Amino acid sequence: PALQSKTQERWIGSFYRSNQYITFDALTKLGIKQPAKHLKKLYPDGLGLETLHVAGTIIDQVDGSIGEALSEDHWIDIMGILPSQCSFTDATAILKKCPAYAKSKDAQVFTDSVVCSRKFVDGCTDLFTAKIKEAAAAAAIPKLPGVAADSAIPPASAPVAAAKSASVEEDV
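Residues numbered from 1 in each chain as written. Predicted model: local features only at pLDDT ≥ 70, side-chain atom pairs only at ≥ 80, totals over all residues. Heavy atoms only, no water.

Moving on, we come to helix α4 (residues 56-71). In this model α4 runs 22 Å from its N-terminal to its C-terminal C-alpha over 16 residues, within 8% of the 22 Å that 1.5 Å per residue would give. The complete set of buried residues in α4 reads I58, I59, V62, D63, I66, A69 and L70. Viewed end-on, α4 has its buried residues packed into an arc of 135°, placing them on one side of the element. More than 90 degrees from the buried face of α4, the exposed residues found are D60 and S71. Immediately downstream of α4, the backbone of D73 shows phi near 50°, a positive value. (Helix = DSSP H or I, 4+ residues; strand = E, 2+ residues; numbered from the N terminus. Expected span 1.5 Å × (residues − 1). Buried < 20%, exposed > 50% of the residue type's maximum accessible area, 1.4 Å probe, protein only. Arc of directions from axis to C-beta.)

Rendered as structure tokens:
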């Protein structure tokens, strides 16, 4: 048992140092009952998330990338930086730990992991405004079967008036 425990700890340490994260699932497979507590004890400077424990260097890397994207009025999807085992919940927790995001009044977040500057969003909005207006105008024109798009559309009360006159004619 002591040899097995030492071997497990060496494997955990080696994996964590090499990858800067380790999943709770990996520790569970090794027979560790409370992986989150175990990793917090071993690596108190790291961050325990929903599915894994990450080293502070990962948070620093994400923070630097966010800072760069915001300063260049651009965007970044942090899921591309994070370990593939990270969930969107994990990504949100990491974002909250990043000073570049937390201190920025300019940062916008979409789908829990895409961070972009407000200026970038405004630029995209400007590019698509004309197309959005065209699509809205096209959607506002009712398309009735058998009626050409450029023909006059009868007022909404016309079918009711026609139905009333037909019913009066039947009564006569």
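Next comes the rest of the description.
The tally for this structure, following the rule as stated, stands at three aromatic pairs. A ring pair is formed by W11 and F15, whose centres lie 5.4 Å apart and whose planes are at 25°; its orientation type is stacked. With W11 and F15 both in helix α1 (residues 2-19), this residue pair falls four residues apart, about one helical turn. Judged by its relative accessible area of 40%, W11 is partly exposed. Ring centres of F15 and Y21 lie 5.7 Å apart, and the angle between their planes is 85°; on these two criteria the pair is classed as edge-to-face. For Y21, a relative accessible area of 12% translates into the label buried. Taken together, the ring pairs connect W11, F15 and Y21 into an aromatic cluster. (Phe/Tyr/Trp six-rings, centres within 6.5 Å; stacked < 30°, edge-to-face > 60°.)

A few words now on the pattern of salt bridges. As enumerated under the stated definition, the model contains three salt bridges in all. K29 serves as the salt-bridge partner of D25, at 3.5 Å between the closest nitrogen and oxygen. Of this pair, D25 and K29 are both found in helix α2 (residues 24-29), four residues apart, which corresponds to roughly one turn of the helix. For D25, a relative accessible area of 45% gives the class partly exposed. As a salt-bridge pair, K119 and D73 come within 3.7 Å of each other at their nearest N and O atoms. Here D73 lies in the loop between α4 and β4 (75-77) and K119 lies in helix α7 (residues 118-140), a separation of 46 residues in the sequence. Residue K119 is classed as exposed on the basis of its relative accessible area of 57%. (Salt bridge = Lys/Arg side-chain N within 4 Å of Asp/Glu carboxyl O.)

Pairing within the open sheet is antiparallel, and its three strands lie in the order β1-β3-β2. Either end of the sheet is taken by a strand with one partner, and the two such strands are β1 (21-23) and β2 (47-48). Note: β1 against strand β3 (residues 52-54), three bridges, orientation antiparallel. Within β3, the residue paired with T23 across the bridge is L52. (Pairing = 2+ DSSP bridges.)

Let us look at the side chain of D63. Tracing the backbone through its elements, the reader meets D63 in helix α4. Buried and without a salt bridge, D63 has K103 as its closest oppositely charged side chain, separated by 8.2 Å. Excluding residues that lie within four positions of it along the chain, D63 makes contacts with C98, P99, A100 and Y101. (Lys, Arg positive; Asp, Glu negative; His and termini not counted. Contact = heavy atoms within 4.5 Å.)

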